[in-house]
Amino acid sequence: MRWQLLVALVAAATWTAARGEVKDDFRGYKVYRLVPRTPQHVDFLNNLQSKLEEQVPVDEVEIWSDIGQLSPEAVGPVLIMVSPEHQAQMTKSFDAEKIPYEVTIADLNKAILEESRRSDVRSTSSGGISWTEYHDYPVILSFVDFLVRDYPSLVTKTVLGQTYEGRDIVLLKIGKPPADGKTKPAFWMDANIHAREWISSATLTYMTNKLVTEYATNQTIQGLVNQLDWYILPVVNPDGFAWTHNETKNRLWRTTRKVNPYSNCLGADPNRNYDHRWMVAGADQKPCSNTFAGPYPYSETENLVLTEAYLARQSQIKAMLSFHSYSQYWLTPFGDKTFPPDIAELKAVAHRAVNALTSQFGTKYKVGSPSEILGTHDWAKAKGLTKYSYTPELRDTGKHGFVLPPEQIIPSGIETWEAVKVIADQVIAEFGPTLD
């Protein structure tokens, strides 16, 4: 009985799904929140993940949670998106396995429309951006240009390269050059390497705006900008991000948009496309999988230009955060069940950062290394040699998942900024005032 119910999920992937479009705009889709309680529940979900990847298009049934983070010792809520035609069979299998579950999103299409709504009053400052709604890539680029234009003594922009579809990948530098001309420590932050995780770039642009526009009036920010250089890559994956903002396409697209040889399926997971232990943990070699690591390391332009920019500043960067969502984890290296020699120190700083975050609104985060998931922060620690390297998985823990209401952008920005300040203060105390 355990697996017979899953056989009924077999379906052929269509050309539309392979190209990243989705039928019916997710109308009638439900998102179920499961709470595995036993090792048997975890085994079931791990097996379900494997079977779904082999047999069902991701636009019909998809486990949103990273199953690689689950183990019998560390279980957590798991979200599963299910199209109408599979719902009866899926809930039957949940019941058969006696896994507690609930419907957390009753109609995914309605949730997406609510998340994507626009404010009645459009912002005319800050390049047209605001943090009461989510914005597409052209608005984020306009915001970047606004900062460069209006704060030229603080902000510079570098175009690192172009994506497969020809969009600029931009890096901001925020900082005041030391009077003695020496090199300051630096803090790197990036977001939206996974296209559908909108809260990541919204939170990062909120903090970027704070760093720049409050410099003249906020003594704390003056100290942080005077003593550190800040490198901000607001959207690592512009092509995928743009696809999620196309109303007729796929809000839940995750990967890049590059054409794959010998496959109708587009893109690769850029978070798994680095050369640090490529294909060792949490990655897939099937091009239609959301965790497809690419045909080879650095097959994706986005990874290549990020790596080149990072390594050019490697000796300066002492902390990095690669923002993701969702789950409220503060992930430490490494994602292959190994640990760097200074893991105790990394966790101690992470706990202080998370405590500062929680002090704002009571939002709880867990600190620890993911199981069987390698990503940007692992590469930055192993190859970039960055001491304080983390992946914050932002709000929430599963009520909304990737479709987080825009009302949560500002609270996310406020609380995350408190964590960032803790890590920045640690870098200044340990490596400042200059590296020369």
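Summarised in this report is the structure supplied together with it. Along each chain, numbering runs from 1 in the same order as the chain's sequence is written. Per-residue local features are limited, in this predicted model, to residues with pLDDT of at least 70; the limit for side-chain atom pairs, both in listing and counting, is 80 or more; totals at the level of whole chains, interfaces and linings are taken over all residues. In computing side-chain values, all of the structure's heavy atoms are included and hydrogens and water are not.

**Focus: the overall build of the protein chain**
Only DSSP runs of H or I reaching four residues or more are called helices, and only runs of E reaching two or more are called strands; each is numbered from the N terminus. For the protein chain, the count of helices and strands is 13 helices and 12 strands. Across the 436 residues that make up the protein chain, the buried fraction comes to 58%. Of the contacts made within the protein chain by residues no fewer than 6 positions apart, 76% connect residues no fewer than 24 positions apart. For the accessible areas, the method is Shrake-Rupley and the probe is 1.4 Å, while residue cover comes only from the protein chains on display. Summed over all atoms, the accessible surface of the protein chain reaches about 17000 Å², with 51% contributed by carbon and sulfur. Only protein chains enter the accessibility calculation, which uses a 1.4 Å probe. A residue is then buried if its area is under 20% of the maximum for its type, exposed if over 50%, and partly exposed in between. Throughout, a contact is declared for two residues whenever any of their heavy atoms are within 4.5 Å.

**Here's the deal with the state of the cysteines**
Throughout, a disulfide means two cysteine sulfur atoms within 2.5 Å of one another. A full pass over the atoms with the stated rule returns one disulfide. Covalently, Cys265 is tied to Cys288 through a disulfide, its sulfur atoms 1.9 Å apart. Measuring the twist about the S-S bond at about 85°, one finds the Cys265-Cys288 disulfide to be right-handed. Linking Cys265 in the loop between α9 (238-244) and α10 (301-312) with Cys288 in the loop between α9 and α10, this pair joins segments that are 23 residues apart in sequence.

**As for the sheet that holds strand β10 (residues 329-331)**
Backbone hydrogen bonds are what pair the strands of a sheet, in a parallel or an antiparallel way. In short, DSSP must find at least two bridges between two strands for them to pair. Strand order in the open sheet formed by eight strands is β5-β6-β8-β7-β9-β12-β10-β11, and the pairing between neighbours is mixed. With partners counted over all chains shown, the strands left at the sheet margins are β5 (155-162) and β11 (366-368), one partner each. Taken over all neighbouring pairs, the strand axes of this sheet differ in orientation by 20° on average, direction set aside. Strands in contact with helix α7 (residues 198-213) are β5, β6 (168-174), β7 (186-191), β8 (229-233), β9 (317-325) and β12 (388-394); relative to β7, the strand with the most contacts, it is inclined by about 145°. Angular values range over 0 to 180 degrees, each being the angle between N-to-C directions of two axes fitted as lines to C-alpha atoms, with helices fitted over their stretch in contact.

**Some remarks on the pattern of salt bridges**
Oppositely charged side chains may form a pair once their charged atoms are brought near each other. Each reported salt bridge corresponds to a side-chain nitrogen of Lys or Arg within 4 Å of a carboxyl oxygen of Asp or Glu. The full count for this structure, using the stated rule, is 20 salt bridges. With a shortest N-O distance of 3.8 Å, Lys173 and Asp229 are connected by a salt bridge. Here the residue Lys173 occupies a position in strand β6, and Asp229 occupies one in strand β8, the gap between them amounting to 56 residues. By relative accessible area, which is 31% here, Lys173 ends up partly exposed. Judged by relative accessible area, which is 7%, Asp229 ranks as buried. Arg395 is the salt-bridge partner of Glu415, the closest N and O atoms lying 2.8 Å from each other. With a gap of 20 residues between them, Glu415 in helix α13 (residues 409-431) and Arg395 in the loop between β12 and α13 connect regions that are remote in the sequence. Note on Glu415: relative accessible area 0%, which makes it buried. One salt-bridge network, held together by shared partners, links Glu165, Arg167, Asp239 and Arg257.

**Description of the sheet that holds strand β1 (residues 30-34)**
Read across the sheet, four strands follow the order β2-β3-β1-β4 without closing on themselves; strand pairing throughout is antiparallel. Where the open sheet ends on each side, the last strands, each with one partner, are β2 (61-63) and β4 (101-105). Along the sheet, successive strands turn relative to each other by an average axial angle of 25°, direction set aside. In terms of strand pairing, β1 meets β4 through four bridges, oriented antiparallel. Looking at β4, one finds that Leu34 is bridged to Tyr101. Helix-sheet contacts for helix α4 (residues 84-97) involve β1, β2, β3 (78-82) and β4, and the interaxial angle to β3 is about 145°.

**A look at the packing of aromatic side chains**
Pairing of aromatic rings covers Phe, Tyr and the six-membered ring of Trp, with a centre-to-centre limit of 6.5 Å; geometry is then stacked below 30 degrees between planes, edge-to-face above 60, and tilted otherwise. A complete count under the given rule lists 16 aromatic pairs for this structure. Ring plane angle 80° and centroid distance 5.8 Å describe the contact between Trp131 and Phe143, whose orientation is recorded as edge-to-face. Placement of Trp131 in the loop between α5 (108-115) and α6 (137-150) and of Phe143 in helix α6 is noted, with a sequence separation of 12 residues between them. Grouping residues by exposure puts Trp131 and Phe143 together as buried. What links up through ring pairs into an aromatic cluster is the set Tyr32, Phe94 and Tyr101. Sitting over a ring, as applied to charges here, requires NZ of Lys or CZ of Arg to be within 6 Å of the ring centre and within 35 degrees of the ring normal. Here the basic side chain of Arg251 rests over the ring of Trp198, its NZ or CZ set 3.6 Å away from the ring centre.

**Thoughts on the packing of helix α8 (residues 219-227) against α13**
Geometry of a packed helix pair, given as the angle between the helix axes and the separation of the axes. Taken N-terminus to C-terminus, the directions of α8 and α13 make an angle of 50°; their axes are 11 Å apart at the nearest point. The orientation of α8 relative to α13 falls into the category oblique. By crossing handedness, the relation of α8 to α13 is classed as left-handed. For the pair α8 and α13, contact is made by Thr220, Ile221, Leu224 and Gln227 and by Trp417, Lys421, Ala424, Asp425 and Ile428, respectively. Angles are sorted into four bins: roughly parallel if under 35 degrees, roughly antiparallel if over 145, roughly perpendicular if 65 to 115, and oblique for all others. Take the far helix as your reference; a near helix turned counterclockwise from it by less than a right angle gives a left-handed crossing, and one turned clockwise gives a right-handed crossing.

**Re α10**
Its 12 residues give α10 an end-to-end C-alpha distance of 17 Å, which sits within 8% of 16 Å, the value for a rise of 1.5 Å per residue. Here α10 has its buried residues at Glu302, Asn303, Val305, Leu306, Thr307, Ala309 and Tyr310. Take the number of residues in a helix, subtract one, and multiply by 1.5 Å to get its expected span.

**Some details on the nonpolar core**
We call a set of buried residues a nonpolar core when its members are Ala, Val, Leu, Ile, Met, Phe, Trp, Tyr or Cys and they connect through side-chain atoms within 4.5 Å of each other. Core analysis: the largest hydrophobic core is formed by 61 residues, its most contacted members being Met189, Trp230, Trp330 and Ile423. Aside from chain neighbours lying at most four places away, what touches Met189 is Leu204, Met207, Trp230, Tyr231, Ile232, Leu233, Leu321, Phe323 and Val420. Of all hydrophobic cores here, the second largest spans 19 residues; its members include Leu171, Ile193, Tyr231 and Leu233.

**Here we look at unusual backbone geometry**
Residues Ser325 and Tyr326 are joined by a peptide bond in cis, for which omega reads 0°. As for its position among the elements, Tyr326 is in the loop between β9 and β10. For Asp25, which is not glycine, the phi dihedral falls at a positive 55°. By the element assignment, Asp25 lies in the loop between α2 (15-19) and β1.

**Let's talk about α8**
For α8, the full list of buried residues reads Ile221, Gly223, Leu224 and Val225. Looking at the buried side of α8, the elements it contacts are β6, α7, β8 and α13. One side-chain oxygen at the N-terminal end of α8 lies 3.0 Å from the backbone nitrogen of Thr220; it belongs to Asn218. For the purposes of these results, a polar contact is taken to be a pair of N or O atoms within 3.5 Å, where, inside protein, one atom must be able to donate a hydrogen and its partner to accept one; residues adjacent in sequence count only when each atom of the pair is a side-chain atom.

**Some thoughts on the environment of Phe94**
Assignment of secondary structure puts Phe94 in helix α4. Distance in space between the C-alpha atoms of Phe94 and Leu45 is 9.8 Å, their sequence separation being 49 residues. If near-sequence neighbours (up to four positions away) are discounted, Phe94 is found in contact with Tyr32, Leu34, Phe44, Ile80, Ile99 and Tyr101.

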